[in-house]
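# Structural features, examined
Here is how the chains run, residue by residue.
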Amino acid sequence: MRQFDVFVFDENFDETQGKIPQPPFTDPELGWFYTNDWNKHLNKIEGEWVVFAHQSIKIDRDFLNNVAEVTEAFPMVDAFAPRIRTKKGIFLGGSLLKPVAKGSGFVAIDENAPMRYVAAPHPYLGIFSRRIIQRTGGFDTTLPECARLEDFTLRMMHAGGKMFSVPYLVAQATTDEAEDAAKRRDIKSMAIVLSKSFGIEASLPFALHHPSVIPTLLSNRKQRKEKRKAATLLSKLKAEFLKEVVSD
């Protein structure tokens, strides 16, 4: 069994044309998957932990060594939301859920936030245990890349998993893409993600604050209802824990 598998994604990858980068280094304890089809290689996972990172995030030995230390220090945690250090020296972290009274949605944690549970990682970097991936299932690839980790993490919580943010677990961004992604959240995708995991209780307040998403929520309702049922039918998400990942 490998220690880690790393999935590297970028919308510009073209596997059919063989236009896939080479790993920066190799190791028997490490598997690399460069792909846009996030589900294609899930059955090939051997690592105890799986890193999902955008091509613009530097995954090197130092970072993976830190991941090993953190996962060993918090053995009861199923997933981690590392911080990303931008080229400008800004730190981007995971997100909390906005209270329904404030319109629902996601809000990034403070740059200097302490260790805490979060509702989602930065869209460009998340770490999940193999066991929680197997319990949660595949990614919703009908969503754009920027929303897939958020959607998966919420579904993971219904599967009984928890995501933890550790301030000293940091990866370096090599471009400005991570910072740009944090600024331009796709509100239509966010509406779908909220609807799938929390139903009308969260999606309606969000739609009232963002009326442009209403046509999105009204379309494909049958398919989304089926996805919601699959994600929440046997939900293990407790109200007490949900409060921990909602912002003030």
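See the structure above.
Okay, so let's go over this structure. (Residues numbered from 1 in each chain as written. Predicted model: local features only at pLDDT ≥ 70, side-chain atom pairs only at ≥ 80, totals over all residues. Heavy atoms only, no water.)

### Details of the sheet that holds strand E7 (residues 91-92)
The 4 strands lie next to each other as E4-E13-E6-E7, forming an open sheet whose pairing is mixed. Two strands lie at the open edges of the sheet, namely strand E4 (57-58) and E7, each paired on one side alone. Relative to strand E13 (residues 170-173), E4 is paired through 2 bridges, and the arrangement is antiparallel. Within the sheet, the bridge partner assigned to Lys58 lies in E13 and is Gln172. (Pairing = 2+ DSSP bridges. Helix = DSSP H or I, 4+ residues; strand = E, 2+ residues; numbered from the N terminus.)

### A closer look at the pattern of salt bridges
Oppositely charged side chains may form a pair once their charged atoms are brought near each other. Inspection of the entire model under this criterion finds 10 salt bridges. Here Asp5 makes a salt bridge to Arg2, at a shortest N to O gap of 2.8 Å. Each of the two residues, Asp5 as well as Arg2, counts as buried. The partner of Asp140 in a salt bridge is Lys196, with the nearest N and O atoms 2.7 Å apart. In this pair, Asp140 sits in the loop between helix H2 (130-136) and helix H3 (145-158) while Lys196 sits in helix H5 (residues 187-198), placing the two residues 56 residues apart along the sequence. Lys196 gets classed as buried once you look at its relative accessible area, which sits at 3%. (Salt bridge = Lys/Arg side-chain N within 4 Å of Asp/Glu carboxyl O. Buried < 20%, exposed > 50% of the residue type's maximum accessible area, 1.4 Å probe, protein only.)

### Looking at a negative patch on the surface
Together, Glu11, Asp176, Glu177 and Asp180 make up a negatively charged patch on the protein surface. With respect to the element layout, Asp180 can be found in helix H4 (residues 177-183). The partly exposed category is assigned to Asp180, whose relative accessible area is 33%. (Patch = residues over 30% accessible without salt bridge, like charges linked within 9 Å, V, L, I, M, F, W, Y side chains within 5 Å. Areas by Shrake-Rupley, 256 points an atom, 1.4 Å probe, with all protein chains shown as cover. Lys, Arg positive; Asp, Glu negative; His and termini not counted. Charge placed at Lys NZ, Arg CZ, Asp CG, Glu CD.)

### Overview of unusual backbone geometry
Phi is positive for Ser104, which is not a glycine, with a value near 65°. Along the chain, Ser104 turns up in the loop between strand E8 (95-97) and strand E9 (106-108). According to the relative accessible area criterion, Ser104 is buried, its value standing at 5%. One non-glycine residue, Asn220, lies in positive phi territory at about 50°. Secondary-structure assignment places Asn220 in the loop between helix H7 (214-218) and helix H8 (221-232).

### A word on the sheet that holds strand E5 (residues 79-80)
The pairing of strands in a sheet happens through backbone hydrogen bonds and is either parallel or antiparallel. The strand order across the open sheet formed by 7 strands is E2-E1-E3-E11-E5-E12-E10, and the pairing between neighbours is mixed. Of all strands in the sheet, those with a lone pairing partner are strand E2 (30-34) and strand E10 (116-118), marking the two edges. Taken together, the 6 bridges between strand E1 (residues 4-9) and strand E3 (residues 49-54) define a ladder with parallel strand orientation. Counterpart to Phe7 in the pairing with E3 is Phe52.

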